[in-house]
Structure formats: structure tokens, C-alpha cells
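Close look at the chain arrangement
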Amino acid sequence: MPIITLRSSYGPVEKYVSDKEPRECALEEVPIIDVGCLRTADMAELRALADKIKAAATQTGFFYIVNHGVSRESTERIADAAKRFFKQPVELKEKANRRQSRYFNGWQPPLVQRACVSESLDHKEGFSFRYDPQFDPAKTDKDVQDIPDEISREIRGEQFVWDSTAHIAGFKDACIGYWQQCLELSRRLIQVFALTLDLPLTYFDKLVTYPGADCVLNYYPAQPAHAGQPYNARNAGLGAHTDLQCLTLLWQDATGGLQVLNKDNEWVIVPPLKDSLVVNIGDYLMRLTNDRFKSTVHRVYPVDTSCDRYSVPFFFGFNFNETCAVLPSCTSATEPAKYAPISCGEWCQLRFKQESFDDAVENAA
Ligand SMILES: O=C(O)CCC(=O)C(=O)O
Ligand SMILES: [Fe+2]
């Protein structure tokens, strides 16, 4: 069985994976969950939804959601904005280069990041922007002016991403509009996650007032030089990895290419499903649930080298300054907490430090 080497907050970890060809996922592996009732206050319906989400979170850790309330219009607008950004000449994309960022915002050129230690550099380009309270629909102007110091230190939004893209008509509005809808949806979803963990509906509310809310536009350019050849570990769109925070909401275009490692360590394809978002659990939520919920390895090998692929993940986590322990409902006399308390901010930082350390070692080699 081949071994892949994944990044983790504590350094590289090896994992055996099946060498079977990826196959399409079965419906029970990545279920389709209708979350239309999120906007109703009916507790019985919310509990029924929580049961479905719990089953998915404890099994593959990936599911589709439909009737999620993120409008088709705002999705189309951000997809179009992504195209207009990435199709610019390199000199214009350079204006937004993340080299000038303190927090990994802005444009990341292709072939600079290696998500998976044992795969090639990632072929994708990205454009990232992070939580900024001035765009949070739950905040008043006064809230934005009176942010406590311990919170403001952790805010990762940066103005240069909007200044360096101001020449692209409607770009910022498209990005922020979509981000706001994902933020509202995530705050509702995390309430249902509280129910899945036998906690009160509002248990996590105070932890998501200034949350991790990072949006990335991903662009996997067509590769004419590789026409007809499948992507592989030596030519990865985005190498195998786990996401870091609590939840990811992923929009993918109609091209296809997302693959997920199921519980038998076989790669399964999670195809695009119109008007859905893919939700997956991140490492921080897995840790807080004492590993009950699974942060599952995934990668992107676009299906067709002759066409571009776009996707937009939205990564949602708890306020970066709040230190959280394993949840009381996830431990028992026979299952003590496996992990020490840590904040979502520190947790992400650990992985980022590892990535720069691994890259430095690799560059020195
Ligand atoms: O492009 C995709 O479909 C997935 C992207 C992803 O996994 C990520 O950005 O973390
Ligand atoms: Fe991911």
C-alpha cells in the first residue's frame, strides 16, 4: 500500500492509502442533507437535522448541503469575480501578491505551495481574504469601533486585497456578499453542531462573534502540456491535506476533481452537485470532539486537464483568542480528553509554522 505524508500541526504524519483507482462516492459515504429548516426555529426539526449531520460528521466527515440559503446569484457573482481576477495578466495579479501580507491574504501564484509533503507543488493559484468585522452583518458601526484589544490583535482581514483589486469592477462586492452569506450560514450550522454534541443550541454562539472566516478563490488552470494525462501525485492540483478550523463550506464549479479519503483509506470522488455546498469538518473541531468528528483527508485532481477549474472554500473557526478544551460531552470516565486546551488561532499558527519549517528544510536540501 502506498504511503502519503501529510502535514499536521505537530509535523509530518504518514498514512497508508489504498492504491485502487478513485471511484465515485456512494450516497451514504457523502450524504446529501437538506438544511432548509435552519431558518425555522422548530427545535424538533433542528434535532432531526442534527441527527443527520452527526452521522455524517462521525463517518466520512464530508456531506453535501442543499437549500442552504446562499443565493445562486451571489455564487455566480463570486465565480465570475474569480475568473476576472485570475484571467488578468500576471503583472496585475502581482499587485495582490501575498508576499506583502502579514496573514497569508492575497494572490498565491501557482507552484509555490505544497499542501502534501509527498506530492508535487500545488498547481492551483489562490486569492484569500479573511475575517474583517467591518463586513460582518452581525456587527454595528459601534461594535466595529469598540473591538476589545484581545480580539483586535487576532483580526486577519487586510485592506490591501481590496486596494489591489479595485480596478476589477464589482470584485470586492462579489467577494464580500458571498462571504457574508457563508458567515451567516456557518453561524447557524454551528448551532446545529452544538445539538449534535448534546449541548444547548446557543452553546458556541459566544465563540463565533469574531470567528475564523477565511475565504479562498481557487483556480486550477487548464494544463495543455498535460492534455489527456490524468493528474497525479507528481502533478497535483492541490495535494492531500486536512482543513484546519471547525467547518469548511466548499463551492466547486461543474468540472469535478475533489477526492476524499474514506474510512477504508480509499479515494472517493465527490462530484459537483448543482446548487449544493460540500461541508467538511476541520482538525480543530475534530480535536474539540476528542476525535468523534472526523477531519478527513482530501485532495484535488481536476477531472479534465483541458479546462480550467474554480472552487471557493470558506473556512470557519472559533474566535482566534478563545482557548477551548475538549467538549465535556465528548469525554467520559473511560474516554478522557486526549488533548490539552488551545485556541483556534494558536492551532492554525502551529500548522503554518510547520509548513514554513518543512519548506525551509526542503529548500535547504
Ligand atoms: O478545490 C476544491 O474543491 C477543494 C479545495 C480545498 O480543499 C481547500 O482549499 O482546502
Ligand atoms: Fe481543503
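Source: prediction; values computed, not measured. (Residues numbered from 1 in each chain as written. Chains lettered and ligands numbered in written order. Predicted model: local features only at pLDDT ≥ 70, side-chain atom pairs only at ≥ 80, totals over all residues. Heavy atoms only, no water.)

1. Focus: the packing of aromatic side chains
Evaluated as defined, the whole model comprises 21 aromatic pairs. For the pair Phe127 and Phe129, a centre-to-centre distance of 6.4 Å together with 50 degrees between the ring planes defines the contact as tilted. The residues Phe127 and Phe129 share a single accessibility class, namely buried. Summarising the aromatic geometry, the rings of Tyr219 and Tyr310 are spaced 5.1 Å apart at their centres and angled 20 degrees between planes, so their arrangement reads as stacked. Residue Tyr219 is located in strand β8 (residues 212–220), and its partner Tyr310 is located in strand β15 (residues 309–317); the two are separated by 91 residues in the primary sequence. Tyr310 matches Tyr219 in its accessibility class, with the two residues each being buried. Taken together, the ring pairs connect Phe85, Phe86, Phe127, Phe129, Phe135, Trp162, Phe171, Tyr219 and Tyr310 into an aromatic cluster. In this structure, Lys206 packs its charged tip against the face of Tyr203, placed 5.0 Å from the ring centre. (Phe/Tyr/Trp six-rings, centres within 6.5 Å; stacked < 30°, edge-to-face > 60°. Buried < 20%, exposed > 50% of the residue type's maximum accessible area, 1.4 Å probe, protein only. Helix = DSSP H or I, 4+ residues; strand = E, 2+ residues; numbered from the N terminus. Lys NZ or Arg CZ within 6 Å of the ring centre and 35° of its normal.)

2. Quick word on the confidence of the model for the chain
For the chain, per-residue confidence averages 95 on the pLDDT scale, and residues scoring 70 or more make up 98% of the total. Predicted complex, confidence summary: ipTM 0.99, pTM 0.97. (pLDDT = per-residue confidence, 0-100.)

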